[in-house]
Amino acid sequence: MTLKASLVQKIGNAIKEVARNKGSTWWYTPHMAAASRSIAERIPLVDLVLEVRDARIPLSSKCELIKNLSPSSRRIIILNKTDLANHIQLKEWLKYFEQQKCLVFGVNSHNKDKIKELLNFLRARVRELPKTGHGDKTITLMLVGIPNVGKSALANSLHQIGRISAAEKGRLKHAVVSPDPGETKNISGLKIASHPSIYVLDAPGVLPADILDAEVCSNLALTGAIKDCLVGEVELAEYFLSIFNLSDEYKKWAKLSLSGADDSSELERRQKRQYLTDHTQDFIVNKVRRMLFEVVSSFNCNLEDEEIMLQLIKAEFAVLRDAFNLPPDSDDYVRKVAAKLLNLYRTGRLGHYTLDLVPSNN
C-alpha cells in the first residue's frame, strides 16, 4: 500500500468516527440539520438552483441535499476556485458534465472578468425560463453546496459586479466570507441584476449526515471543507505532500533562485516590508518552493514505497522549518510547518491540483 492510500484510510476513518457521533459539535450539528431542512423547503420556490462545487474536487464536493434533483434547466453546476485546479483536468471535468447533460460553468469568484461572464450566462438562462405573464417578476437563484466552496464570496462578487452593470446606487450588502467552514448561518439575498430583478440567495453550507467513502473524506478535509481539528494539520500536510511529491508541479520551480533572500539585513527587510514571520510573502514562498524542489529532485527512490515516501516527507518538514524561519528548538515546529504549508496549498501558492479523477466511460 502506498503512503497516500494509508493516509486516505487514516483520515477517512477519523472523519467517519466523528460523523458516527451524532452529538458532535463539529459534524452534522443541529444548526446544519436545520439549515438542510430550510434549504430543501426553499428549493421548489426558487427559479434556478446553482450548485457550487470546488473545482479541485468536482465529485467529492457534490451536494447530497439535491442529489435527487435531476439535471435540468433549473439546476446549474458552478465549479468555483478554478484558479486552484489543474487547468487541463478542469477542461476535462467541464466536458464530462456537459456530456452528462448538466449545465456547468467554471469560475474564479475573485476574477471580475469571470464574474461578468457568469452574470451574462445566468441572464441568458433566466431568459430561457418559462414566461409567467408578469414582466416585472423577481427571479431568485439559490446557491447551495457543502461548506467552504466559496458560495458567499461568489454571492458578494455577483452582487458587486451586477450592481455596477445595472448602474445602481446604494449601500452594498455583504455575505460573511471566511476561510473556515460553517460561517454562513442563515439564507440571505443579494440583488445581482435589474430588468428583471434577479436575486441570489446565499445558503449555509451543508454536509451529509454520513460520508462512507474515505477518499471523499480526505479530499474534503484537505481542501478545507471540514475543520482541520477533526483530522489534524500534520496528517493533512502529509497527505498533501504525498500528492505533491508524485506530481510535476515542483519541476516548474527549477529556475528559482534564493540569492539575496537570506543575505538581507533586518533593516533592508523592513525597508522592503519583508517579514520573516509572514509565510505568505513572495520571498518566503519562493524559498519554500526552491527548498521543496531541491529535496524532491534529489530523492531518486521509488516513491510508491510507503517507507521511502515517509522519509522524503520527514526531510521536507525539516527544510520547511528553515524556510518558514521557525526556531530550531521549537517543540511544536511540525504542527506550525503543517499549518503554514496547508495555507499555501489552499491559496494556490504551491501549484494547481485536481484531486478527483474524471470517471472513465467504461
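Residues numbered from 1 in each chain as written. Predicted model: local features only at pLDDT ≥ 70, side-chain atom pairs only at ≥ 80, totals over all residues. Heavy atoms only, no water.

Any chance you could explain the overall build of the protein chain here in plain terms?
Check the secondary structure of the protein chain and you find eleven helices and six strands. Contacts spanning at least 24 positions in sequence make up 73% of the contacts within the protein chain whose residues lie at least 6 apart. Put simply, the protein chain shows about 18,200 Å² of open surface, and 50% of that area lies on carbon and sulfur atoms. (Helix = DSSP H or I, 4+ residues; strand = E, 2+ residues; numbered from the N terminus. Contact = heavy atoms within 4.5 Å. Areas by Shrake-Rupley, 256 points an atom, 1.4 Å probe, with all protein chains shown as cover.)

It is not clear to me how helix 9 (residues 282-297) should be interpreted in this structure. Could you clarify?
For the α-helix, the turn length of 3.6 residues means that residues three or four positions removed from each other point alike. Compared with an ideal rise of 1.5 Å per residue, which puts 16 residues at 22 Å, helix 9 spans 22 Å between its outermost C-alpha atoms and is within 8% of the ideal. Taking burial as the measure, the 16 residues of helix 9 include twelve buried ones, the bulk of the element. Taken together, the buried positions of helix 9 are Phe283, Ile284, Val285, Lys287, Val288, Arg289, Arg290, Met291, Leu292, Phe293, Val295 and Val296. The inward-facing, buried residues of helix 9 contact helix 7 (233-244), helix 10 (306-323) and helix 11 (333-346). (Expected span 1.5 Å × (residues − 1). Buried < 20%, exposed > 50% of the residue type's maximum accessible area, 1.4 Å probe, protein only.)

What's the story with the pattern of salt bridges in this structure? I'm lost.
Pairing is possible between side chains that carry opposite charge, provided their charged atoms lie close to one another. Taken as a whole, this structure holds 16 salt bridges when the rule is applied. A salt bridge links Glu233 to Arg335; its shortest N-O distance comes to 3.2 Å. Of this pair, Glu233 sits in helix 7 while Arg335 sits in helix 11, placing them 102 residues apart in sequence. Its relative accessible area of 23% is what places Glu233 among the partly exposed residues. The exposure class of Arg335 is partly exposed, given its relative accessible area of 35%. Salt-bridge contacts for Lys251 lead to Asp248; the nearest nitrogen and oxygen are separated by 3.3 Å. Judged by its relative accessible area of 48%, Lys251 is partly exposed. Under the relative-accessibility criterion, Asp248 is labelled exposed at 52%. It is possible to trace a salt-bridge network through shared partners that takes in Glu51, Arg53 and Arg75. (Salt bridge = Lys/Arg side-chain N within 4 Å of Asp/Glu carboxyl O.)

Would you mind going over the environment of Leu222 with me for this structure?
Considering the arrangement of structural elements, one finds Leu222 in helix 6 (residues 214-222). Classification of Leu222 by relative accessible area gives buried; the value is 0%. In the structure, Leu222 is positioned eleven residues away from Glu233 in sequence and 9.2 Å away in space, judged by C-alpha atoms. Excluding residues that lie within four positions of it along the chain, Leu222 makes contacts with Leu236, Tyr239, Phe240, Ile243, Leu342, Tyr345, Arg346 and Leu355.

I'm lost on the sheet that holds strand 2 (residues 75-80) in this one. Help?
Neighbouring strands of a sheet are bound in pairs by backbone hydrogen bonds; such pairs are parallel or else antiparallel. As summarised here, the arrangement of the six strands in space is 3-2-1-4-6-5, forming an open sheet in which the pairing is mixed. Since the sheet does not close on itself, it has two edges, and those belong to strand 3 (103-106) and strand 5 (188-193), each with one partner. Neighbour-to-neighbour, the strand axes of this sheet turn through a mean angle of 25°, independent of strand direction. Here strand 5 runs beside strand 6 (residues 198-202); their pairing, made up of five bridges, is antiparallel. Looking across to strand 6, one finds that Leu190 is bridged to Val200. (Pairing = 2+ DSSP bridges. Axes fitted to C-alpha atoms, helices over the stretch in contact; angles between N-to-C directions.)

Mind showing me how you'd approach the environment of Leu342 here?
With respect to the helices, strands and loops of the structure, Leu342 is situated in helix 11. A C-alpha to C-alpha distance of 6.0 Å links Leu342 and Ala237, two positions 105 residues apart in sequence. In contact with Leu342, not counting residues within four places along its chain, are Leu222, Asp228, Glu233, Leu236 and Ala237.

Help me out: how do you make sense of the nonpolar core in this one?
Soluble globular proteins: nonpolar side chains tend toward being buried together. Counting 97 residues, the largest nonpolar core has Ile78, Leu118, Leu141, Leu154, Phe240, Phe244 and Val288 as its most contacted members. With nine residues, the single largest contributor to this core is helix 9. Counting only domains with at least three residues in this core, you end up with domain 1 (29-202) and domain 2 (214-347). Other than its neighbours up to four places away in sequence, Ile78 contacts Leu50, Glu51, Val52, Arg53, Phe105, Val107, Leu118 and Leu154. Listed in part, the ten residues of the second largest apolar core include Leu79, Ala85, Trp93 and Phe97. (Core = buried A, V, L, I, M, F, W, Y, C linked by side-chain atoms within 4.5 Å. Domains from an automatic or database assignment.)

Just to check I follow, could you spell out the pairing of strand 6 for this structure?
Remark: a regular strand shows side chains that alternate across the two faces of the sheet. With four of its five residues buried, strand 6 lies for the most part within the structure. In sequence, strand 5 turns back onto strand 6 through a hairpin of four residues, with His195 there showing a positive phi of about 55°.

I would appreciate a short explanation of the side chain of Glu249 in the present structure.
Position of Glu249 among the secondary structure elements: in the loop between helix 7 and helix 8 (266-271). Engagement of the side chain of Glu249 in a polar contact is seen with the backbone nitrogen of His352, the distance being 3.1 Å. Not counting chain neighbours up to four residues away, the residues in contact with Glu249 comprise Leu350, Gly351, His352 and Tyr353. (Polar contact = N/O pair within 3.5 Å; in protein donor to acceptor, adjacent residues only side chain to side chain.)

When you look at the packing of helix 1 (residues 3-20) against helix 7 in this model, what are you seeing that I'm missing?
Describing two packed helices takes the angle between their axes plus the distance from one axis to the other. It is the contact of helix 1 with helix 7, at a shortest axis distance of 9 Å, that shows an interaxial angle of 150°. Taken as axis vectors, helix 1 and helix 7 run roughly antiparallel relative to one another. Seen from above, helix 1 lies across helix 7 with left-handed handedness. Contact residues: helix 1 offers Lys4, Leu7, Val8, Lys10 and Ile11, while helix 7 offers Glu235, Leu236, Glu238, Tyr239, Ser242 and Ile243. Among the residues forming the contact of helix 1 with helix 7, the class breakdown is six nonpolar, one polar and four charged. (Parallel < 35°, antiparallel > 145°, perpendicular 65-115°, else oblique. Left-handed = near helix turned anticlockwise from the far one by under 90°. Nonpolar A, V, L, I, M, F, W, Y, C, P; charged D, E, K, R; others polar.)

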